[in-house]
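# Geometric and topological summary
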Amino acid sequence: MRNSTTLKALLAPFGALVLIACVMSAMFYPMATMEMKNLPFAISNQDQGMTTPAGTVNAGDTILDTLTSASTADSPISWTKVDSAEALDAAMEDNEYYGALIVPDGFTASQAAAKAGTGEALTLQVELDNAKSPVVANSLRSQIAQMFASKGVDVEVTVLHQGDSTSASTNPLSIMMSQQLGIIPTVIMSIVSALLIRNAARIRPGSSATEKAGTIGLQVCVAVFASAAIGLVVPALLHAVAGASVPYWTLFGFLWTGSFALMLCFLGAFNVATWLGALLAAATIPFGTATGILPYEALNSFWQHWVNPWAPQHYIGNGLRQILFMDAGACNPAITGLL
């Protein structure tokens with residue numbers, strides 16, 4: 001018996017190493033293998049074209065047809081035609097697209113004038129939505145300009161919804177880490193708090209319905225204050241570590257609500273069985289981490305269909321971007337998913 005116990009003690013560290021390796025692999029695999037595919041982009045041709053002896057010519061239509069016909073299932077960008085400038089502005093304001101290509105009015109005539117040496121060609125306008133995905137906006141900021149420059153067409157790139165000055169960083173890694181600084185602590189502290197609350201106010205075996213209701217009520221009351229503390233701490237971390245000028249009380253309200261929702265979920269799981277809460281935590285932390293910062297289209301099929309819909313990090317990340325980049329309130333659409 002003693003030898004068996006000693007053997008288990010010696011093997012335990014190796015088991016822990018294997019477990020940690022599995023957790024780290026699940027956490028970083030989506031980020032290490034991310035590949036942008038079919039990012040929804042709008043294209044709006046506002047050029048009226050021009051009439052020549054050979055007939056009507058519209059360079060904007062040519063660009064539109066070339067881009068849309070070249071799109072495949074593996075293309076980084078999936079182009080959608082948007083007819084009017086008003087419809088495009090509304091779509092970009094609602095974060096429907098990661099970006100948009102706009103062919104300005106008079107583009108065809110300016111191209112002809114430039115070739116004849118009597119004027120300069122107008123530039124194509126590209127808008128990238130920072131609130132939809134800072135990772136995409138900053139990754140494509142230079143790539144799109146280079147793509148059209150190789151075709152001899154100038155492009156002016158504008159990034160929408162910049163937020164504060166730290167949001168304009170061109171370092172994708174910095175952008176990822178600053179967002180995760182708001183997501184990871186919220187999730188981990190909520191899970192740990194739920195476990196501590198359950199241990200401090202545990203439902204005893206054989207308790208009556210009244211006693212169980214009283215214990216659960218106590219747990220919920222403590223969770224209200226614990227989640228409020230998390231809501232106070234995380235915005236301070238964002239400001240102190242990432243240097244972000246955050247709307248403190250708006251973030252507090254959003255993170256307080258989100259953390260409280262998470263605590264209730266994990267309190268319920270831990271109340272049923274400790275192993276159930278541990279299993280839920282083991283799935284949430286490693287598998288859900290990447291969903292908070294990566295765009296849906298960059299995730300592989302497994303994460304898209306089986307992780308992203310339920311991962312709380314996905315909703316916390318969406319809410320943070322709405323607040324930081326679009327001046328949204330604490331009760332933004334991401335709250336619904338968390339609740």
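The structure presented is a predicted model; accordingly, all values stated were derived computationally and were not measured. Each chain carries its own residue numbering, running from 1 in the direction its sequence is written. The model is predicted, so local features are restricted to residues of pLDDT at least 70 and side-chain atom pairs to those at 80 or more, both for listing and for counting; the totals for chains, interfaces and linings are taken over all residues. Values reported for side chains reflect all heavy atoms of the structure, with hydrogen atoms and water molecules removed beforehand.

Right, let's get into the overall build of the protein chain. Per the secondary structure count, the protein chain includes 12 helices and 7 strands. By its C-alpha atoms, the protein chain is 95 × 45 × 35 Å across when sized along the principal axes. Counting only residues that meet the buried cut, the protein chain has 42% of its 339 residues in that class. Within the protein chain, contacts between residues at least 6 apart in sequence are counted, and of these 72% link residues at least 24 apart. When the accessible surface of the protein chain is split by element, carbon and sulfur atoms take 64% of a total near 17,100 Å². For the purpose of charge, His is not counted, nor are the chain termini; Lys and Arg are scored as positive and Asp and Glu as negative. Charge coordinates come from a single atom per side chain, which is NZ of Lys, CZ of Arg, CG of Asp or CD of Glu. With 13 positive and 21 negative side-chain charges, the protein chain shows a separation of 26 Å between the mean positions of the two kinds. We count a stretch as a helix when DSSP gives it H or I for four or more residues in a row; a strand needs E for two or more, and each element gets its number in order from the N terminus. Residue burial is assigned from relative accessible area. The probe radius is 1.4 Å, only protein chains are included, and a residue is buried under 20% of its type maximum, exposed over 50%, and partly exposed in between. Only heavy atoms enter the contact rule, under which two residues are in contact if any of them lie within 4.5 Å. For the area figures, the Shrake-Rupley method with a 1.4 Å probe applies, and any residue is considered shielded solely by the protein chains shown.

With that settled, the discussion passes to the layout of surface pockets. Cavity: a set of points on a 1 Å grid over the protein atoms alone where a 1.4 Å probe fits but cannot get out. Pocket: an open set with protein on both sides within 12 Å along at least five of seven lines, its lining residues, like those of a cavity, having an atom within 4 Å of a point. Grid points are joined across faces, edges and corners, and a volume is the space filled by probe spheres set on the points. By volume, the largest pocket amounts to about 420 Å³. If you go around the largest pocket, you meet 20 residues; those closest to its centre are K132, H314, N318, R321 and Q322. Elements represented by at least two residues in the lining of the largest pocket include exactly α11 (312-326) and α12 (334-338). A per-element tally of the lining of the largest pocket places α11 first, with 5 residues. For the lining of the largest pocket, a count of residues per class yields 9 nonpolar, 9 polar and 2 charged. Three categories are distinguished: nonpolar for Ala, Val, Leu, Ile, Met, Phe, Trp, Tyr, Cys and Pro, charged for Asp, Glu, Lys and Arg, and polar for the others, with Gly belonging to the last.

To continue, consider helix α7 (residues 209-242). Multiplying 1.5 Å by the residue count of a helix minus one yields the expected span of that helix. The end-to-end C-alpha separation of α7 is 48 Å, in line with the 50 Å expected for 34 residues at 1.5 Å each. Of all the positions in α7, only T215, Q219, A223, A226, S227, A228, I230, G231, V234, P235 and L238 are classed as buried. Directly beyond the C-terminal end of α7, a positive phi value near 70° is found at G243.

What follows covers helix α2 (residues 59-70). Across its 12 residues, α2 extends 17 Å between first and last C-alpha, which sits within 8% of the 16 Å expected from 1.5 Å per residue. Among the residues making up α2, those that are buried are A59, G60, I63, L64 and L67. Projected down its long axis, α2 shows its buried positions confined to an angular sector of 140°, all on one face. Throughout this description, a polar contact denotes any pair of N or O atoms lying within 3.5 Å of each other; where both atoms belong to protein, one of them has to be capable of donating a hydrogen while the other can accept it, and for residues adjacent in sequence the pair is counted only when both atoms sit in side chains. In this structure N58 caps α2, since a side-chain oxygen of it lies 2.9 Å from the backbone nitrogen of G60. Note: the arc covers the axis-to-C-beta directions of the helix.

Here we come to the nonpolar core. Generally speaking, a soluble globular protein has its nonpolar side chains buried in company with each other. Only buried Ala, Val, Leu, Ile, Met, Phe, Trp, Tyr and Cys residues count toward a nonpolar core, and they belong to the same one when joined by side-chain atoms within 4.5 Å. Ranked by size, the top nonpolar core spans 40 residues in total, and within it L251, F254, F266 and I316 carry the most contacts. For this core, the secondary-structure elements that each account for two or more residues are α6 (172-200), α7, α8 (248-272), α10 (301-307), α11 and α12. It is α8 that contributes the most residues to this core, 8 residues altogether. Those residues in contact with I316, other than ones at most four positions away along the chain, are G182, I183, T186, V187, F254, L255, L262 and L338.

A contiguous nonpolar surface patch, about 310 Å² in accessible area, is contributed by I184, I188, V192 and L196. Considering the arrangement of structural elements, one finds L196 in helix α6. A relative accessible area of 54% places L196 in the exposed class. Exposure above 30% relative accessible area and the lack of any salt bridge qualify a residue for a patch; like charges then connect within 9 Å, and the nonpolar side chains Val, Leu, Ile, Met, Phe, Trp and Tyr within 5 Å. By convention in these notes, a salt bridge is any Lys or Arg side-chain nitrogen within 4 Å of a carboxyl oxygen on Asp or Glu.

In this section: the sheet that holds strand β1 (residues 39-45). Across the sheet, 5 strands lie side by side as β4-β1-β5-β6-β7; this open sheet has mixed pairing. Strands with a single pairing partner mark the edges of an open sheet, and in this sheet they are β4 (77-81) and β7 (155-160). Direction aside, neighbouring strands of the sheet carry axes that sit 25° apart on average. Pairing between strands is defined by DSSP: at least two bridges between them are needed. By the bridge criterion, 5 bridges tie β1 to β4 in an arrangement that is parallel. What sits directly across from L39, in β4, is I77. Packed onto the sheet, α2 meets β1, β4, β5 (99-103) and β6 (124-129) and runs at close to 160° relative to β1. Angles run from 0 to 180 degrees between N-to-C directions of axes, and those axes are lines fitted to C-alpha atoms, restricted for helices to the stretch in contact. Where helix α3 (residues 85-93) meets the sheet, it contacts β1, β5, β6 and β7, and its direction lies at approximately 165° from that of β5.

Let's shift gears to the environment of L39. For L39, the position within the fold is in strand β1. Residue class for L39 comes out buried when judged on its relative accessible area of 1%. Sequence separation between L39 and P286 is 247 residues, and the spatial gap between their C-alpha atoms is 25 Å.

Before going further, it helps to spend a moment on the environment of I191. Turning to its location among the elements, I191 is positioned in helix α6. Along the backbone, I191 and L264 are 73 residues apart, and their C-alpha atoms lie at a distance of 9.6 Å.

Let us look at the pairing of β1. Burial analysis of β1 places 6 of its 7 residues in the buried class, which makes it a mostly covered element. As defined by bridge partners, β1 adjoins β5 across 5 bridges and the pair is classed as parallel. Counterpart to N45 in the pairing with β5 is V103.

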